[in-house]
Amino acid sequence: MSIAENIQAAQRRIRQAQSRSSSPPKEVRLMAVTKTVEPQRINEAIAAGINLIGENRVQELLAKYDRLHLDGVEVHLIGHLQRNKVKYIIDKVDMIQSVDSLALAEEIERRAAVCQKVMPVLVEVHMGNEESKFGVEPQDLPDLLKQMALLPHIAVRGLMTVPPPCPDHEQAKKLFSQFYALFLDIRAQNLHNISMEICSMGMSGDFEAAVEEGSNLIRLGTALFGARNYQPIKGE
Ligand SMILES: *Cc1c(COP(=O)(O)O)cnc(C)c1O
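Remember, it's a predicted structure, so these values are computed and weren't measured experimentally. (Residues numbered from 1 in each chain as written. Predicted model: local features only at pLDDT ≥ 70, side-chain atom pairs only at ≥ 80, totals over all residues. Heavy atoms only, no water.)

Draft legend 1. Quick look at the pairing of strand β1 (residues 29–33). Among the 5 residues that make up β1, 4 are buried, leaving the element largely enclosed by the rest of the structure. Bridge count for β1 against strand β8 (residues 217–220) is 4 bridges, and the pairing is parallel. Residue pairing for β8: Ala32 is matched across the bridge by Leu220. Of the pairings in the sheet, the one linking β1 to strand β2 (residues 52–55) comprises 2 bridges and is parallel in character. Looking at β2, one finds that Val33 is bridged to Gly54. Between the parallel elements β1 and β2, the chain passes through helix α2 (residues 39–47) in a crossover that is right-handed. (Buried < 20%, exposed > 50% of the residue type's maximum accessible area, 1.4 Å probe, protein only. Helix = DSSP H or I, 4+ residues; strand = E, 2+ residues; numbered from the N terminus. Pairing = 2+ DSSP bridges. Right-handed = clockwise from strand over helix to strand, strands pointing away.)

In structure tokens form, the structure reads like this:
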């Protein structure tokens, strides 16, 4: 199947998941996750209607950036971000979805202030028991948000999570519903300077469960581009 056909199939599956949900999100944004994908194929996805792409690694984004046809396309950083790399992407991305510490938020604040911009961010939350994953623990989220609210060049727009791979659909749904409950809880608190519009959860293996449980931004790599081939992307 072509990338365009994969996009159409994913959109159909999103709509079907919405129709199964008791309280479906009105609009579900589809992000194409482009790690390890060649610029030419990313541009093919953009030509087929993708208007949101996500990259994990700063270096890879920089290596591909000039070859991407980004007119009308949002670029989000979705991978773990080291503080010393913020300066390289602050003027290149439209959102950072993977903020999980105050130290990182403060560095984004500093760099955004220099560029005279306000950087939209999501806070990455750690769900499930796996130890190795990134993200703030749910119990630490309210404190982090209160401190981030004080940073004038950061706009918190919601939450993101990458739960451990879960072969069992019902188990995946349970984690997603816990995450969505957390999202709603924070939203109900109406924290000053914090908006909860974006609930970013769901990847190729579990996006239907995520949509059924309230996700309004799903991040698809494999489902659009096929299995990843972990070769470094060469510069020009
Ligand atoms: C790689 C990645 C995805 C996409 O994963 P697939 O299973 O290929 O859809 C989504 N979100 C994040 C944060 C990722 O690193």
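After that view, the rundown keeps rolling.
Draft legend 2. Up close: helix α1 (residues 3–20). Here α1 spans 26 Å end to end across 18 residues, near enough to the 26 Å set by a 1.5 Å rise per residue. Restricting attention to buried positions, one finds in α1 the residues Ile3, Asn6, Ile7, Ala9, Ala10, Ile14, Ala17 and Gln18. In the core, the buried residues of α1 are packed alongside β1, α2, α8 (207–212), β8 and α9 (222–225). (Expected span 1.5 Å × (residues − 1). Contact = heavy atoms within 4.5 Å.)

Draft legend 3. Structural context of the pairing of strand β5 (residues 119–125). Burial runs high along β5: 7 of the 7 residues are buried. On β5, burial covers both faces: Met119, Val121, Val123 and Val125 on one face and Pro120, Leu122 and Glu124 on the other are all buried. When strand β4 (residues 95–99) meets β5, the two strands line up parallel, connected through 2 bridges. Bridge assignment links Ile96 to a residue of β5, and that residue is Val121. Following the chain from β4 across helix α5 (residues 102–114) to the adjacent parallel β5, one finds a crossover that is right-handed.

Draft legend 4. Expanded view of the pattern of salt bridges. One pass over the structure, following the stated rule, counts 12 salt bridges. The salt bridge partner of Glu197 is Arg157, with a shortest N-O separation of 2.8 Å. On the criterion of sequence distance, the pair formed by Glu197 in strand β7 (residues 194–200) and Arg157 in strand β6 (residues 154–161) is long-range, its members being 40 residues apart. Among the residues examined, Arg157 registers a relative accessible area of 25% and is labelled partly exposed. The structure contains a network of salt bridges with shared partners spanning Arg20, Lys173, Glu212 and Glu213. (Salt bridge = Lys/Arg side-chain N within 4 Å of Asp/Glu carboxyl O.)

Draft legend 5. Representation of helix α3 (residues 58–65). Every buried residue belonging to α3 is among Val58, Glu60, Leu61 and Lys64, and all of these are buried. In a view along the axis of α3, the buried residues occupy a sector of 165°, so they form one face of it. Elements in contact with the buried residues of α3: α2, β2, β3 (74–77) and α4 (86–89). (Arc of directions from axis to C-beta.)

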